[in-house]
Structure formats: C-alpha cells, structure tokens
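Geometric and topological summary
Residues per chain are reported as follows:
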Amino acid sequence: MISCEIEKTLRAPGGEMKLRLELEFKKGELVTLYGESGAGKTSTLRILAGLLTPDRGRITVGGRTWFDSEKKINLKPQQRNLGFVFQDYALFPHMTVRENLEYGTRSREDKGLVSNLIEMVALDDLQDRRPETLSGGQKQRVALARALVGKPELLLLDEPLSALDAKIRTRLQDAILALHREFALTTLLISHDLGEIHKLSDHVVELEQGTVLRQGSAEELFLRNKISGKFRFTGQVLNIEATGVVHIVTVLIQNQLVKVVAQEKEIRDLVVGDRVLVASKAFNPVLQKLDS
Amino acid sequence: MNWEPLILTFKLALVTTVLLLVVSIPLAYWLAFSRSRTRPVVETLVSMPLVLPPTVLGFYFLVAFSPGNAFGSWLEESLGLQLVFSFPGLVLASILYSLPFMVHPIQSGLSGLSPSLKEASYVMGRSRLTTLWKVLLPNIRPSMLTGIVLAFAHTVGEFGVVLMIGGNIPGHTKVASIAIYDEVEALNYGAANFYSAVLFTITFCILLVVYLVNGGYLKRFWR
C-alpha cells in the first residue's frame, strides 16, 4: 500500500498554485496520472521521489514512512527505493548503455540483473554504444532498464512515451506492461494519450489545478455512456464533414485514418482535435488475413 | 640567455592552476546550485579580479601580509609563512587574481547540465560527491579544460599583482613579465624580445590546443 497526503505551494509561470493531494494505491498497481500541463503531475512524481519537498503531509510506502512533516522525517532520494524515468531520459552521456545500468548497481548480484535487463529490453547489440548514438525509442528502453536496476518498490515514469512515434509507442507500452508484471512493480505513470492510459492502467487519477478531479478505472473516467461493445478504439477527430443527412467524421486511430458516419446529435459537441471512442456492437466485423 | 624568469613563470602558473582547480570545483558547484542569499555576494567577490586593477589587489595583499602589521606577523610567527616578496605569496595572490577564470567556466558548465542528470544519479542511490565526481565533472570536461587553460595563461600574463607583492627577486619572484619590463628599462631590447617571443609562442600554442580540442578538430585522432 502506498499512501501520499501532501500539500505544496508551487511557483508556476502563471503565479502560485497549491498542490493538495490525497492518493492511495495498492502494491502492484499501475496508476496513471492524467491532466493538463501545469496540473501538478510532474511535481507529484518529484515529491514522491524526494526531489521536491512538500510543505506538509505524509508519504508512506509499504509501511515505511518516506516523508512526515510532523515527525520531521524526510528520506533523501538516495534512501527511497525507487526508479525514475525522466522525460528527457537523463542518460549519462559519457557512459555506454551497460555502464549507465551498472551505475545503479549496489551489489554483485545486481550485476547479473544488468545483463538480464539488457536482454529483456533487447539492447544486447547496443550495450557498448553511447546514448548520443541511440534513437528515441532505444534511449527510452535504456532509461526504463536503468530505472529497474535497483529493484525499486516504486517505478515513476514522467511522460515516458510522449516523444515517440505511434509504432514505437505501442511496442514500448508492451515493454512497460511486461516489466511491470515481471518485477511485480508498483508503477506511477504520467500520460496524455487516452489509448495508452486505457491499455496500461489499473487506476487513473485525473489532476486539475493541483487537486484530484476524478479517479477510477480508465473506463469509468473516460466513458460517460457505458458501451459494452467489444470492438472499440480511441482516436482523435481530424475532420467533420456534413453530407446531407449524416456527417462523416474522420478519426485517427493509432496511425490509421477511419471514416465514421455520425448523426447530428452525436457531433453536436464534437470539434476537431477531440479524443473519441469509436465502438460498435451488434454487427459482424470482417476478418481477413493479411499477407506479411 | 637567462631562462630563470621563464621557468619561474611556468612554475608559478602550474602550481597556481593545480591549487586553483582544487579550490574552484567546490566553489563553482556551490555557485551553480546553491539558493543561498549570500550567493550574489560571493559571486561578486569571485568576479572582482576581472574589473579591479591588479595593483589594487596587490596593494591590499602587501598591506595585509606585511610583517609590520598584526596579521602578517602572526602568519610569520605561527606558521612560519612569509607571504610578502616570496613565492608562496605570489601563488596565493595569483590564485585570487585568476579565480574567476577558473570558476566561471566550471560554474557555467555545471549549470548548463540538465538537472535531471544529477537527480537521476540521486534516485539511483548515489551521494552528492559521487554524483559530482562520476557524472557531473566528466560531462563538463570542455569547461574544465577552458578553465584550466585560461587560469594558466592568465597567471603567465600577470604583471601588476606580482610587481606589488612579489617585487623583483631573481629566482624567487622575478617572473618573465617583470623581467621584460626590467630589460626594457635597461634598454636591453634583445633580452626583452627573447622573453616576449617565448611567452607569445607558448601561450599561442596553449590556446590553440584548447580551441582545437573543444572544437572537436582532434577527435579523429583518438576515436
């Protein structure tokens, strides 16, 4: 069980903002923080990591107190057993991939783990390369593997996939999920991508102006009308076109364009750029094998 | 030809640079990352030698270290240090005089690094000292090289401070820049030209090497 109840006044470009949070999640869960930029998501991760000190509150992880303003407990980042993947990956430029991972080892047995991790994220061929020679997706894999070297209780990921294209994103989502299960991690992730949130999270917390707006499962949060359809995807509206009686909405799902016929009432509060769920029930989709 | 002033110059520059590096790394680290209110004051003090005439610095040194006053005589009696008209005095004065040339490049190198590098190291359980040594310093090698070379070259080119506090004792405090002045006064243009040409050539070579290294021109020879 991880519980966090904190208050912190943040100095943002638009003036001061009060971050006031009560979060609680179970061990082994994958929790996503969602919300507009400036809502306090990154600050929340930094507070959990000990990189930012809250004004008041308590943080306990698995029965151990990491922070308690009343008892004047504040563990340093070094004393909190956690992994952090930074938005800019923060790989050490002067070390090779393997050296980056080995930097986080504390004992001999950890060295064995380094080899395992390199294999798990498929970096064998790249282990002697410097970060500057790697692509974004490869760097992300190194950062992810490096965060796990210390066998953390808590894994914090700050928008880990936002800079990557759709195909690599999907592969890395699978990697995150696999590692999360393999290491029985408790993971806290920041993401803006509804599809990604839906795919990865057990629990979603939506922040607004430094407070929790809503929380629950991805479906509870993002589906106002529950649809029990099995065939559904999330995407982004690219175009809405009126053609007499009906409207044709062009939706980008992953990296495919899909045209959907919509009724007047369905598009009433829909504008280009909105995230939508495309679902269908009571029809039979055609399945055709693709030549590979 | 008398090589003594030249040897003394480079000995002074070398000792000064080594000591300066040891002093400047913690100082630059503090200036780069501290949020203390005294920081602007310290920053100003470090930069003072850039704008003050060297003679001002030299004059106060002379007053402070003179065995005629309390501090100077205490130094001499308790530590056996005579800082006026001696080589150790020159080293100390040079350290202060060249301080900004070493501190500024290291400081800007450190503050130019992404803060997440430092934080990543902390989260991985490494102490501040290990982080500085294993992560931060290796990533600001060009800045450190710039600092080392500027401090060295600046010490070689020192005149005013040395003249004030060192005087002109052959073998102890008569460095090349003073020797040149001396020879010109004595109308020995040949000797002055010799010292000048050597200084010119050596400092040109040192600076050239820095720009070649930092500009990446020499990379293909060792990678």
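Everything here concerns the structure above.
The paragraphs below set out a description of the structure included in this document. (Residues numbered from 1 in each chain as written. Chains lettered and ligands numbered in written order. Predicted model: local features only at pLDDT ≥ 70, side-chain atom pairs only at ≥ 80, totals over all residues. Heavy atoms only, no water.)

**A word on the overall build of chain B**
Defined as follows: The way it works is that DSSP assigns letters per residue, a run of H or I at least four long becomes a helix, a run of E at least two long becomes a strand, and they are numbered from the N terminus. The contact definition used throughout considers only heavy atoms, calling two residues in contact when any of these lie within 4.5 Å. For this count, His and the chain ends are skipped, Lys and Arg are scored as positive, and Asp and Glu as negative. In this description, the location of a charge corresponds to atom NZ of lysine, CZ of arginine, CG of aspartate or CD of glutamate.
Helix and strand counts for chain B come out as twelve helices and zero strands. Starting at the N terminus, the α and β elements of chain B follow one another as α-α-α-α-α-α-α-α-α-α-α-α. Here the C-alpha coordinates of chain B stretch approximately 65 × 50 × 30 Å along the principal axes. Residue pairs in contact within chain B that sit at least 24 positions apart in sequence constitute 71% of those at least 6 positions apart. Across chain B, the mean location of the 13 positive side-chain charges is 26 Å away from that of the 9 negative side-chain charges.

**Some thoughts on helix H8 (residues 141-156) of chain B**
Residue and element names in this part refer to chain B. Counted only if it meets this: For a helix, the expected span equals 1.5 Å multiplied by the number of residues minus one. Relative accessible area decides the class of each residue, using a 1.4 Å probe on protein chains only: under 20% of the type maximum gives buried, over 50% gives exposed, and in between gives partly exposed.
Over its 16 residues, H8 extends 22 Å from the first C-alpha to the last, a length consistent with the 22 Å expected when each residue adds 1.5 Å. Residues of H8 that are buried include every one of Ser143, Met144, Gly147, Val149, Ala151, Phe152, Ala153, His154, Thr155 and Val156, and no others. Packing partners of the buried residues in H8 comprise helix H1 (4-33), helix H5 (87-112) and helix H11 (189-214).

**Brief notes about the packing of aromatic side chains**
For clarity, the threshold we go by: Between 30 and 60 degrees the pair is tilted, below 30 it is stacked and above 60 it is edge-to-face, where a pair is any two Phe, Tyr or Trp rings, Trp via its six-membered ring, whose centres lie within 6.5 Å.
Evaluated as defined, the whole model comprises eleven aromatic pairs over all chains. Residues A:Phe92 and A:Tyr103 carry aromatic rings whose centres are separated by 5.0 Å and whose planes lie at 75° to one another, so their mutual orientation is edge-to-face. Of this pair, A:Phe92 sits in the loop between strand E7 (82-85) and helix H2 (97-102) while A:Tyr103 sits in the loop between H2 and helix H3 (108-120); the two residues are eleven residues apart in sequence, bridging distant segments of the chain. Its relative accessible area of 0% is what places A:Phe92 among the buried residues. Measuring from ring centre to ring centre gives 5.1 Å for B:Tyr29 and B:Phe33, while their planes differ by 70°; the resulting arrangement is edge-to-face. With B:Tyr29 and B:Phe33 both in helix H1, this residue pair falls four residues apart, about one helical turn. Owing to a relative accessible area of 27%, B:Phe33 belongs among the partly exposed residues under this scheme.

**Quick look at the interface of chain A and chain B**
Where interface size is quoted, it is often the accessible area lost as the parts come together. The test is simple: Accessible area that two parts lose when put together, with a 1.4 Å probe and added across both, is what the buried area reports. Salt bridges are defined as contacts in which a side-chain nitrogen from Lys or Arg sits within 4 Å of a carboxyl oxygen from Asp or Glu. Residues adjacent in sequence count toward polar contacts only when both atoms are side-chain atoms; beyond that, a polar contact is any pair of N or O atoms within 3.5 Å, and within protein one must be able to donate a hydrogen and the other to accept it. The residue classification treats Ala, Val, Leu, Ile, Met, Phe, Trp, Tyr, Cys and Pro as nonpolar and Asp, Glu, Lys and Arg as charged. All others, Gly included, are polar.
With 24 residues of chain A at the interface, the matching set in chain B holds 20 residues. Between chain A and chain B lies a buried interface of about 1700 Å² when both sides are counted; carbon and sulfur atoms form 59% of it. Considering only the side of chain A, the residues that lose the most area to chain B are A:Gln78, A:His94 and A:Tyr103, jointly responsible for 37% of the buried surface there. Inspection of the region where chain A meets chain B yields one salt bridge. Residue B:Glu119 is joined to A:Arg46 by a salt bridge in which the shortest nitrogen-to-oxygen separation is 2.8 Å. For the pair chain A and chain B, the number of links is eight residue pairs in polar contact (both at pLDDT 80 or more). Contributions of two or more residues to the side of chain A that touches chain B are made by E7 and H2 of chain A. In terms of residues, the side of chain A that touches chain B owes the most to one element, E7(A), which gives three residues. In the side of chain A that touches chain B, the residues fall into eleven nonpolar, six polar and seven charged.

**Side note on the nonpolar core**
Residue and element names in this part refer to chain A. Note the threshold: We call a set of buried Ala, Val, Leu, Ile, Met, Phe, Trp, Tyr and Cys residues a nonpolar core when their side-chain atoms join them within 4.5 Å.
The biggest cluster of nonpolar side chains holds 79 residues, and the ones touching the most others in it are Ile59, Phe84 and Leu156. Dropping the residues within four chain positions of it, Leu156 is found in contact with Leu45, Leu48, Ala49, Leu82, Gly83, Phe84, Val85 and Leu188. Core analysis: the next-biggest nonpolar cluster, separate from the first, contains 32 residues, Val85, Leu91, Leu134 and Leu189 among them.

**With respect to helix H6 (residues 115-123) of chain B**
In an α-helix there are 3.6 residues to a turn, and that puts residues three or four apart on one side. Counting buried positions over the nine residues of H6(B) gives eight, a clear majority of the element. For H6(B), the set of buried residues is B:Ser116, B:Leu117, B:Lys118, B:Glu119, B:Ala120, B:Ser121, B:Tyr122 and B:Val123. Where H6(B) is buried, its residues meet helix H1 (41-49), E7 and helix H4 (136-148) of chain A together with H1 and helix H7 (128-136) of chain B.

**Points about the side chain of A:His203**
Turning to its location among the elements, A:His203 is positioned in strand E10 (residues 203-208). Look past the residues within four positions of A:His203 in its chain and what remains in contact with it is A:Glu29, A:Leu30, A:Val31, A:Thr32, A:Gln215 and A:Gly216.

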